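A closer look at the structure
In case you want the letters, here they are:
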Amino acid sequence: MHLTRILDTAPVTDPEEEAFVVFSQDIPSQSLGFIDSQVATLDVTIAGCDLTIHQSRGLLTSDRKTGTTGAVVWKVTPLFSSWISSPTNFLFANNLLTNTSTALELGAGVSGIVALSLGPKIARYTATDQPYVLKLLKQNIAENLDVVLPRTQRKNGRQNTRQPNSVNERIQARALDWETDDVSSVGDVDVLIACDCIYNESLIEPLNSTCASVCRLRSLQDDDAQNPTLCIIAQQLRSPDVFEAWLKSFHEKFYVWQIPDRLLSEGLREGSGFVVHIGIVR
């Protein structure tokens, strides 16, 4: 796989310099990055599909010591969802994603928006997070399925051997804790996604190590390594120190490219306050 040719940009060689350049741009103030943490439901339109997403203010403000940020929707999520699910995305244009592809998302949160957007375009999408978000995550996926995947499409399916037999197999939600769980049971996937999961330094090593472990599942099974798992990380630019620490760690484990503006939708380009990287495990 020749990502340098496809992206027409060189991989990152100096994480410190890359972090400096990224944070040299004009970054708008977006506070923590929630869309609206005060409301119980959000109406979000992705690629012409009107989704109603439940979130939990109660969970967000609870005293859970292992985190509560997955209880609400973050600003980057709808932007990233629209971009990655677009048929004009460079991933689809270069057959890096097809209707036979599989994807795994880490830190999906309660919304299921990426799953609902990309899931209908591929063979199987698995959204994962800690157990405390699963009830709402499964509810949001179930209640929006008729919008993103009409019943006629579910019944007819696609004619390929990798297509699961039911919609419940195509878009799944399951528990996965970066710090404690063994990822070997998730199986190898074509694309691994993490959307706005980096906001403090304590999460960096568990997240990056889990990403590397998942991506190596494909390496163990694919002798010629022509189709490695792609790891796509989207995030809001908040702390330069946290970002630099993440990139140094990620660069140690992955060959990494920043996706250039010409291949991103407007809401994710330079000056938006967001950035998207793609990596192949070393």
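Note that residues are indexed from 1 along each chain, following the sequence as it is written. Local features in this predicted model are restricted to residues of pLDDT 70 or higher, and side-chain atom pairs are both shown and tallied only at a pLDDT of 80 or more, whereas totals for entire chains, interfaces and linings draw on every residue. The side-chain values count all of the structure's non-hydrogen atoms but skip hydrogen atoms and water molecules.

Topic: the sheet that holds strand β3 (residues 102–106)
- We treat two strands as partners when DSSP finds at least two bridges between them. In DSSP terms, a helix is any run of H or I states spanning at least four residues, a strand is any run of E spanning at least two, and both are numbered starting from the N terminus. Strand order in the open sheet formed by 7 strands is β5-β4-β3-β6-β7-β9-β8, with mixed pairing between adjacent strands. Edge positions in the sheet fall to β5 (171–175) and β8 (254–258), since each of these pairs with one other strand and no more. For this sheet, the mean inter-axis angle between neighbouring strands, taken without regard to orientation, is 20 degrees.
- Bridge count between β3 and strand β6 (residues 191–195): 4 bridges; the pairing is parallel. Bridge pairing in β6 links Ala 103 to Val 191.
- Here, residues are in contact when the closest pair of their heavy atoms is within 4.5 Å. Here, axes are lines fitted to C-alpha atoms. For helices the fit covers the stretch in contact, and angles between N-to-C directions go from 0 to 180 degrees. Across the sheet, helix α7 (residues 134–148) lies against β4 (124–129) and β5, angled at about 175 degrees from β5, the strand it touches most.

Some thoughts on helix α4 (residues 76–84)
- Burial classes follow relative accessibility: with a 1.4 Å probe on protein chains only, a residue under 20% of its type's maximum area counts as buried, one over 50% as exposed, and anything between as partly exposed. Taking burial as the measure, the 9 residues of α4 include 7 buried ones, the bulk of the element.
- Taken together, the buried positions of α4 are occupied by Val 76, Thr 77, Pro 78, Phe 80, Ser 81, Trp 83 and Ile 84.
- Of the surrounding elements, those touching the buried residues of α4 are β1 (41–46), α5 (90–93), α6 (113–118), β6, β7 (230–236) and β9 (274–281).

Side note on empty space enclosed by the protein
- We place a 1 Å grid over just the protein atoms. Points where a 1.4 Å probe fits but has no way out form a cavity, open points with protein on both sides within 12 Å along at least 5 of 7 lines form a pocket, and any residue with an atom within 4 Å of a point lines it. Grid points are joined across faces, edges and corners, and a volume is the space filled by probe spheres set on the points. One pass over the structure, following the stated rule, counts 1 cavity of 30 Å³ or more.
- As for the largest cavity, its lining consists of Ile 198, Tyr 199, Gln 235, Gln 236, Leu 237, Arg 238, Ser 239, Val 242 and Phe 243.
- Breaking the lining of the largest cavity down by element, the ones donating at least two residues are β7 and α11 (240–253).
- Each residue is assigned to one of three groups, with Ala, Val, Leu, Ile, Met, Phe, Trp, Tyr, Cys and Pro labelled nonpolar, Asp, Glu, Lys and Arg labelled charged, and all others, Gly among them, labelled polar. Taken together, the residues of the lining of the largest cavity break down into 5 nonpolar, 3 polar and 1 charged.

Interpretation in functional terms is not warranted from these geometric data alone.
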